[in-house]
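Summary of the model geometry
In case you want the letters, here they are:
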Amino acid sequence: MPVNLKGRSLLTLKDFTPDEIRYLLNLAADLKAKKRSGVRGDLLAGKNIVLLFEKTSTRTRCAFEVAAYDEGANVTFLSNSQMGKKESLEDTAKVLGRFYDGIEFRGFKQETVELLAKHAGVPVWNGLTDLYHPTQVLADCLTIMENIAKPLNKVKLVYVGDARNNMGNSLMIISAKLGMHFVGIAPKALFPEEGLVNEMRELAKVTGAKIEFSEDIAAVDGADAIYTDVWVSVGEEAQFEERIKLLTPYRVTMDMMKATHNPDCIFLHCLPSFHDLETSVGREIYEKYGVAEQEVTDEVFRCPQSKVFDEAENRMHTIKAVMVATAGR
Ligand code: CP
Ligand code: NVA
């Protein structure tokens, strides 16, 4: 059956079939090639998009804006709306649905993006919640497809760090969908919620994926990609001290890269990253706890196997694919 995503929201990739996800990835690759060849598009011409942000962002906001402009849409950035303060989510969704052809939401609760989708009557896209970051993992898979000379169902993706955050959850989900071998390496306290793991393991039986967890960093052996994220996600800042204790042994170092025994293993990170002291938050943590490099060393971050800026660019191409497929002409 041909894939048709018109009118669909992207709240979590759990709601998408493997074919639908592959369709989005292939469309993103096509749109990337089109942009590289200098062709301007009109696939979103006449469309109006609103970007709702409760949390800060560089990549996600800019990716949505540039992707929209590239294909002819107009964008409103809204970070100080009445939503939830003086106006209910339901009423806000109904109002925005009258004005706009698509709504992006970044914020805390997954229920917020779900309620928006329930009431807006137009596609709603999750630009990150505490639980999931679906547009990020589409970019990650496109980067893997571009940099690893294997089909996705032969790829071993190892995620090291806070395996129960939005990135850990979303990478596990897309791996299960696309038949990848996913290994989460973390202290047990940071393993993801058991219900989600069981659900993804059930799915893995159908797709051929493998979903594993380990506390032992030796489990990086044979990895095609090592992925990490910040130790403390937005909204969890009070947990810095505890996380430093838990996650210091899991920092991605050159020794960890070598322990893959795969010289072609790439390094991925959704960014932003605390790999040096060039940020005010990074310096604060250094002054308080003496930790200069957090989840990844500067050496790994800057090494040739690091594809983090390809990955950042791919946010734009994949988000463009999501908007074109769900709200395009
Ligand atoms: N990776 C990511 O979502 O980046 P931003 O927080 O800058 O949007
Ligand atoms: N886990 C991080 C991802 C940032 C893109 C956070 O939620 O802050």
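In this report, the structure presented in the accompanying data block is examined. (Residues numbered from 1 in each chain as written. Chains lettered and ligands numbered in written order. Predicted model: local features only at pLDDT ≥ 70, side-chain atom pairs only at ≥ 80, totals over all residues. Heavy atoms only, no water.)

Quick word on the overall build of the chain
What the chain contains, in helices and strands, is 12 helices and 9 strands. In terms of overall size, the chain behaves like a compact globule, its C-alpha atoms giving a radius of gyration of 19 Å where 329 residues would be expected to give roughly 20 Å. Projected onto its principal axes, the C-alpha positions of the chain cover 55 × 45 × 40 Å. Of the contacts made within the chain by residues no fewer than 6 positions apart, 77% connect residues no fewer than 24 positions apart. Approximately 14200 Å² of the chain is accessible, and the part contributed by carbon and sulfur atoms is 51%. Within the chain, one finds 40 positive and 47 negative side-chain charges whose respective centroids are separated by 4 Å. (Helix = DSSP H or I, 4+ residues; strand = E, 2+ residues; numbered from the N terminus. Rg over C-alpha atoms; globule rule 2.2 N^0.38 Å. Contact = heavy atoms within 4.5 Å. Areas by Shrake-Rupley, 256 points an atom, 1.4 Å probe, with all protein chains shown as cover. Lys, Arg positive; Asp, Glu negative; His and termini not counted. Charge placed at Lys NZ, Arg CZ, Asp CG, Glu CD.)

Let's talk about the pairing of strand β2 (residues 74-78)
Consecutive residues of a regular strand have side chains that alternate between opposite faces of the sheet. Across 5 bridges, strand β1 (residues 48-53) lies against β2 in parallel orientation. Its bridge partner lying in β2, Val-50 is registered against Thr-76. Each parallel crossover has a hand, and for β1 linked through helix α2 (residues 59-70) to β2 it is right-handed. (Pairing = 2+ DSSP bridges. Right-handed = clockwise from strand over helix to strand, strands pointing away.)

Looking at the nonpolar core
By size, the foremost hydrophobic cluster in this structure holds 92 residues, and its most contacted members are Leu-13, Leu-138, Ile-174, Ile-226, Val-252 and Met-323. In terms of residue count, helix α12 (residues 308-327) provides more of this core than any other element does, 10 residues in total. Excluding its chain neighbours within four sequence positions, the residues that come into contact with Leu-13 are Ile-21, Pro-134, Val-137, Leu-138, Ile-173, Ile-174 and Lys-177. Among the nonpolar cores identified, the runner-up in size contains 16 residues, and Val-50, Met-83, Leu-89 and Phe-105 belong to it. (Core = buried A, V, L, I, M, F, W, Y, C linked by side-chain atoms within 4.5 Å. Buried < 20%, exposed > 50% of the residue type's maximum accessible area, 1.4 Å probe, protein only.)

A word on the pattern of salt bridges
Pairing between side chains becomes possible if they bear opposite charge and their charged atoms approach one another. Within this structure, the stated rule accounts for 21 salt bridges. A salt bridge links Arg-243 to Glu-236, with the nearest nitrogen and oxygen atoms 3.2 Å apart. The exposure class of Arg-243 is buried, given its relative accessible area of 3%. Given the relative accessible area of 16%, Glu-236 is considered buried. A single salt-bridge network, built from bridges that share partners, covers Asp-162, Arg-164, Glu-236 and Arg-243. (Salt bridge = Lys/Arg side-chain N within 4 Å of Asp/Glu carboxyl O.)

A few points about helix α1 (residues 18-36)
For an α-helix, the turn length of 3.6 residues means that residues three or four places apart are oriented alike. Given a rise of 1.5 Å per residue, 19 residues ought to cover 27 Å, and the 27 Å separating the end C-alpha atoms of α1 matches this to within 8%. Turning to α1, its buried residues number three or more, namely Glu-20, Ile-21, Leu-24, Leu-25, Leu-27, Ala-28, Leu-31 and Lys-32. The buried residues of α1 occupy an angular sector of 165 degrees when the element is viewed end-on, so they sit on one face. On its buried side, α1 packs onto α5 (134-147), α6 (166-178) and α12. (Expected span 1.5 Å × (residues − 1). Arc of directions from axis to C-beta.)

Here's the deal with the sheet that holds strand β3 (residues 102-106)
Read across the sheet, 4 strands follow the order β2-β1-β3-β4 without closing on themselves; strand pairing throughout is parallel. Where the open sheet ends on each side, the last strands, each with one partner, are β2 and β4 (124-126). Across the sheet, the mean angle separating the axes of adjacent strands is 20 degrees when strand polarity is ignored. Sheet topology places β3 next to β4; 3 bridges connect them, and they run parallel. What sits directly across from Phe-105, in β4, is Asn-126. (Axes fitted to C-alpha atoms, helices over the stretch in contact; angles between N-to-C directions.)

Quick notes on the site of ligand 2
In the neighbourhood of ligand 2, the contacting residues comprise Leu-128, His-133, Asn-165, Asn-166, Asp-229, Val-230, Ser-233, Val-234, Cys-270 and Leu-271. Between ligand 2 and Asp-229, the relevant distance is 2.6 Å, taken from a nitrogen atom to a side-chain nitrogen or oxygen of the residue. Val-234 places a polar main-chain atom, nitrogen or oxygen, 2.9 Å from an oxygen atom of ligand 2. Its atoms largely coinciding with the cavity grid, ligand 2 occupies the largest pocket. (Near = heavy atom within 4 Å. Polar contact = N/O pair within 3.5 Å; in protein donor to acceptor, adjacent residues only side chain to side chain. 1 Å grid on protein atoms, 1.4 Å probe; cavity = no way out; pocket = protein on both sides within 12 Å on 5 of 7 lines; lining within 4 Å. Sits in = over half its atoms within 2 Å of the grid points.)

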